[in-house]
Amino acid sequence: MTVLDDIIAGVAEDLEARRRSVPLEQMRERARAAAPALDAFAALGGYDSPRGELRVIAEVKRSSPSKGALAEIADPASLAASYETGGAAVISVLTEQRRFGGSLADFDAVRAAVDIPLLRKDFTVDEYQIWEARAHGADLVLLIVAALDDAQLKDFLALTHELGMNALVETHTAQEVERAVAARASIIGVNVRNLKTLDVDRSVFAPLAGSIPAAALVIAESGVRDASDVEQYAADGANAVLVGEALVRHNDPAATIAEFTRIGREAIAARSSSGRS
């Protein structure tokens with residue numbers, strides 16, 4: 001069993017408990033009653049937005065399977081507010097509890113504190129979770145290609161669009177990028193962390209990003225330690241970077257986001273002046 005398989009098994013078990021508490025039809029009613037979703041695609045630089053900016057998806061992340069505990073985060077709302085102040089385009093909130101220490105309570109606290117799009121970061125394996133995300137005010141959900149078959153990926157993407165949301169479709173390999181493109185994903189993440197070993201290999205980003213059509217937004221996931229990693233991702237074609245550990249462990253996350261944005265802008269400008277797409 002891979003790490004991903006183990007995580008998904010726990011997610012499915014926890015999901016069934018929530019479904020017994022709030023049946024699907026009731027969750028659908030809550031989702032339909034929620035305020036309209038914010039446009040995460042536009043916030044990340046889609047449509048006619050200038051492509052010279054690197055956007056930051058700032059993550060509220062307590063722990064991870066690879067690093068263990070990262071930060072206590074006693075007040076996720078305050079942390080998220082600092083992210084917004086620093087210029088984050090989107091805030092990601094981990095809601096998986098067993099391996100990442102997250103919760104929907106964290107998500108609700110952040111939703112009440114900020115006015116920018118929110119990504120409900122979890123392992124989506126059932127449509128219930130998408131309705132649940134919308135009911136809690138999510139604007140964006142994570143769909144991991146490795147965890148879904150083609151039919152599920154297509155159906156889940158269609159549901160997010162039906163609900164006025166976007167999906168960050170996460171890939172790790174060339175084959176997964178092909179599947180994401182075939183499903184017409186408009187926001188494609190390249191996660192450089194190997195799901196089997198949890199090792200990070202930043203060198204895989206550039207070739208995978210280069211195979212994604214220009215119409216889609218490319219998100220660099222994992223491996224951001226400092227500004228030099230942000231600079232490299234931007235130079236290699238990222239429209240945005242998803243950053244968690246480097247922010248939750250920093251004394252001034254707002255300043256760090258501002259720095260990452262500046263560094264990314266300069267790297268994209270250099271890429272454009274050199275004629276790289």
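Notes on the structure follow. Computed from a predicted structure; not experimentally measured. (Residues numbered from 1 in each chain as written. Predicted model: local features only at pLDDT ≥ 70, side-chain atom pairs only at ≥ 80, totals over all residues. Heavy atoms only, no water.)

**A look at the environment of Arg-19**
Turning to step 1, where the next piece is worked out: Along the polypeptide, Arg-19 turns up in helix α1 (residues 3-21).
Turning to step 2, where the next piece is worked out: Owing to a relative accessible area of 22%, Arg-19 belongs among the partly exposed residues under this scheme.
Turning to step 3, where the next piece is worked out: Discounting residues that sit within four places of it in the chain, Arg-19 has contacts with Asp-126 and Tyr-128.
Turning to step 4, where the next piece is worked out: Engagement of the side chain of Arg-19 in a polar contact is seen with the side chain of Asp-126, the distance being 3.2 Å. (Helix = DSSP H or I, 4+ residues; strand = E, 2+ residues; numbered from the N terminus. Buried < 20%, exposed > 50% of the residue type's maximum accessible area, 1.4 Å probe, protein only. Contact = heavy atoms within 4.5 Å. Polar contact = N/O pair within 3.5 Å; in protein donor to acceptor, adjacent residues only side chain to side chain.)

**Overview of the nonpolar core**
The nonpolar side chains of a soluble globular protein tend to be buried with one another.
Turning to step 1, where the next piece is worked out: Among the nonpolar cores identified, the biggest contains 67 residues, and Tyr-83, Ile-91, Leu-143, Val-169 and Phe-205 are the most heavily contacted of them.
Turning to step 2, where the next piece is worked out: Not counting residues within four places of it along the chain, the set of residues in contact with Ile-91 comprises Ala-58, Val-60, Ala-80, Tyr-83, Glu-84, Val-110, Val-114, Ile-116, Pro-117, Leu-118 and Leu-119. (Core = buried A, V, L, I, M, F, W, Y, C linked by side-chain atoms within 4.5 Å.)

**Examining the pairing of strand β4 (residues 90-94)**
Turning to step 1, where the next piece is worked out: A large share of β4 lies buried, amounting to five of its five residues.
Turning to step 2, where the next piece is worked out: Residues Val-90, Ser-92 and Leu-94 point to one face of β4 and Ile-91 and Val-93 to the other, with burial holding for every one of them.
Turning to step 3, where the next piece is worked out: Here β4 pairs with strand β5 (residues 118-121) via four bridges, running parallel. Note on β5: the bridge partner recorded for Ile-91 is Leu-118.
Turning to step 4, where the next piece is worked out: For the segment spanning β4, helix α5 (residues 104-113) and β5, crossover handedness is right-handed. (Pairing = 2+ DSSP bridges. Right-handed = clockwise from strand over helix to strand, strands pointing away.)

**What about unusual backbone geometry?**
Turning to step 1, where the next piece is worked out: Unlike most non-glycine residues, Leu-198 shows phi in positive territory, near 70°.
Turning to step 2, where the next piece is worked out: Positionally, Leu-198 belongs in the loop between β8 (187-191) and α9 (205-210).

**Regarding helix α6 (residues 127-135)**
Turning to step 1, where the next piece is worked out: Among the nine residues that make up α6, seven are buried, leaving the element largely enclosed by the rest of the structure.
Turning to step 2, where the next piece is worked out: Taken together, the buried positions of α6 are occupied by Tyr-128, Gln-129, Ile-130, Trp-131, Glu-132, Ala-133 and Arg-134.
Turning to step 3, where the next piece is worked out: Its side-chain oxygen at 2.8 Å from the backbone nitrogen of Tyr-128, Asp-126 defines the N-terminal cap of α6.
Turning to step 4, where the next piece is worked out: Backbone geometry just downstream of α6 places Gly-137 in the positive-phi region, at approximately 95°.

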